[in-house]
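# Residue-level structure breakdown
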Amino acid sequence: MLGRIICLFFLIGYPNAHGKSELPESPNCGHQIVDSGMELRATAREGEFPWTVQLKYEGKSPYRCVGSLINDRYVLTSAVCVTTKNQLPTGALLGVHVLGEGEHSEEFGIERIIPYESFRTGSNNFDDDIALIKLNDTVKYSDYIKPICLPAKGESLVQPEDKVIMTGWGRDVDNQEVKTKKVVIRRVITNEACELQFSKHNVHIGEGFICTDGLKGYKDYICSGNAGAPIVAKSGGTWYQEGIVSIGSKCGVDFPDANTRVSKYVTWINKQLAQSTD
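A brief structural summary. (Residues numbered from 1 in each chain as written. Predicted model: local features only at pLDDT ≥ 70, side-chain atom pairs only at ≥ 80, totals over all residues. Heavy atoms only, no water.)

### Remarks on the state of the cysteines
Enumeration according to the criterion identifies 4 disulfides in this entry. The disulfide partner of Cys 194 is Cys 211, and the gap between their sulfur atoms is 2.2 Å. A torsion of -80° about the S-S bond marks the disulfide between Cys 194 and Cys 211 as left-handed. Taken together, the positions of Cys 194 in helix α2 (residues 191–198) and Cys 211 in strand β9 (residues 209–213) put the pair 17 residues apart, joining distant regions of the chain. The disulfide bridge from Cys 223 ends at Cys 251, spanning 1.8 Å between sulfur atoms. Note that Cys 223 is positioned in the loop between β9 and β10 (230–235) and Cys 251 in the loop between β11 (238–247) and β12 (257–261), a separation of 28 residues in sequence. By relative accessible area, Cys 223 is classed as buried at 2%. When the bonded cysteines of the chain are counted from the start of the sequence, the pairing works out to 1-4, 2-3, 5-6, 7-8. (Disulfide = S-S within 2.5 Å. Helix = DSSP H or I, 4+ residues; strand = E, 2+ residues; numbered from the N terminus. Buried < 20%, exposed > 50% of the residue type's maximum accessible area, 1.4 Å probe, protein only.)

So, in structure tokens, the structure goes:
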């Protein structure tokens, strides 16, 4: 299993030369043909969250990380998913609802992997856990394959106690492989409350994180195999990606998750996309 240990367990506008961002804007992103909103449920409906990408690896366990489609060539994910020795993804599955099935799914190869420059593994510093994957061909959007919108630089669309959704596959609380795209609904908590818990394990929670915890009276866990998965929220009828699944506890343990805050890295994302078109 791809992961890092923290004393608990690892879970898992820069314009181009023409002055144009390579990231789509609403209504060309963050929309879907079916939308159950924040309804409590364990699985997505087919066609929901069409930006969710399953990364594929070689070996007996090919499904170890998740990502999100952000335009017609790039997937956003966790740096740990693309930097661990001998654990580099070899492909990306788009339009997937049930793993190994689906007439709407497409597999792409990988042209280039771009982890954040200062990301480092092997310590209790989990900052900058973000990466981009350039696909080997242009994606043709459909009802089942669409990009997610990203927030503006430094702009958070959610506040503490707001609900957010993580989508992916991975494992469940019984360590069984999840076949159908799952939905995990969490609530945002303050970084101070998050730091209070993580500091017990010598992990610092800085401004580059967005933290979530379980809903009051409702148990739901992200679990392993979902590093890199998108954490999204809806604003004005459009879904935006607020976070990238990064670190947390062993599945089934009531403990916060600390996720990469996407809005901090929008300038970096746009810069990488712009350079690829120069």
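### Digging into the side chain of Gln 241
Tracing the sequence through the fold places Gln 241 in strand β11. For Gln 241, a relative accessible area of 0% puts it in the buried group. A polar contact of 2.7 Å, which involves the side chain of Gln 241, links it to the side chain of Ser 68. Those residues in contact with Gln 241, other than ones at most four positions away along the chain, are Ser 68, Leu 76, Ile 148, Cys 149, Leu 150, Pro 151, Pro 230, Ile 231, Val 232 and Val 262. (Polar contact = N/O pair within 3.5 Å; in protein donor to acceptor, adjacent residues only side chain to side chain. Contact = heavy atoms within 4.5 Å.)

### Observations regarding the sheet that holds strand β4 (residues 91–94)
An order of β1-β2-β3-β6-β5-β4 is seen for the 6 strands of this closed barrel, with the pairing classed as antiparallel. On average, adjacent strands in this sheet sit at an angle of 40° to one another, irrespective of strand direction. Both strand β1 (residues 52–56) and strand β2 (residues 66–69) contribute to a ladder of 3 bridges, which runs antiparallel. When the bridges of β2 are listed, Gln 54 appears paired with Val 66. (Pairing = 2+ DSSP bridges. Axes fitted to C-alpha atoms, helices over the stretch in contact; angles between N-to-C directions.)

### Structural notes on the packing of aromatic side chains
A ring pair, where both rings are aromatic, is described by two values, the distance of the centres and the angle of the planes. What the rule picks out here adds up to 5 aromatic pairs. Considering the side-chain rings of Phe 49 and Trp 239, the 5.6 Å spacing of their centres and the 75° angle between planes classify their relative orientation as edge-to-face. Linking Phe 49 in the segment before β1 with Trp 239 in strand β11, this pair joins segments that are 190 residues apart in sequence. Here Phe 49 and Trp 239 have matching classes, each one buried. The interplanar angle of 70° and the centroid separation of 5.0 Å between the aromatic rings of Phe 198 and Phe 255 together place this pair among those described as edge-to-face. (Phe/Tyr/Trp six-rings, centres within 6.5 Å; stacked < 30°, edge-to-face > 60°.)

### Here we look at the environment of Ser 156
Relative to the elements of secondary structure, Ser 156 occurs in the loop between β6 (131–135) and β7 (163–168). Spatially, the C-alpha atom of Ser 156 lies 9.3 Å from that of Lys 264, the residues being 108 residues apart in sequence. Among residues more than four places away in sequence, those in contact with Ser 156 are Glu 242 and Arg 261. From its side chain, Ser 156 meets the backbone oxygen of Val 158 in a polar contact 3.0 Å long. A distance of 3.4 Å separates a polar atom in the side chain of Ser 156 from a polar atom in the side chain of Glu 242.

### What to know about the sheet that holds β10
Neighbouring strands of a sheet are bound in pairs by backbone hydrogen bonds; such pairs are parallel or else antiparallel. Overall, antiparallel pairing links the 6 strands, which are arranged β7-β8-β9-β12-β11-β10 in a closed barrel. Along the sheet, successive strands turn relative to each other by an average axial angle of 45°, direction set aside. Contacts from α2 reach β8 (182–189), β9, β11 and β12 within the one sheet, and its direction differs from that of β12 by about 130°.

### Describing unusual backbone geometry
Residue Ser 26 is joined to Pro 27 through a cis peptide bond whose omega torsion reads 15°. With respect to the helices and strands, the residue Pro 27 is situated in the segment before β1. Positive phi is not limited to glycine here, since Glu 161 has a value of about 85°. Mapped onto the elements of the fold, Glu 161 is located in the loop between β6 and β7. Its identity as a non-glycine residue notwithstanding, Asn 202 has a phi of 60°, on the positive side. Along the chain, Asn 202 falls in the loop between α2 and β9.

### So, the pattern of salt bridges
For the coordinates displayed, the defined rule picks out 9 salt bridges. One salt bridge connects Arg 73 with Glu 111, and the closest N-O pair in it is separated by 2.8 Å. Of this pair, Arg 73 sits in the loop between β2 and β3 (74–77) while Glu 111 sits in strand β5 (residues 106–115); the two residues are 38 residues apart in sequence, bridging distant segments of the chain. For Lys 179, the salt bridge is made with Glu 177, and the minimal N-O distance between the two is 3.0 Å. What makes Glu 177 partly exposed here is its relative accessible area of 34%. (Salt bridge = Lys/Arg side-chain N within 4 Å of Asp/Glu carboxyl O.)

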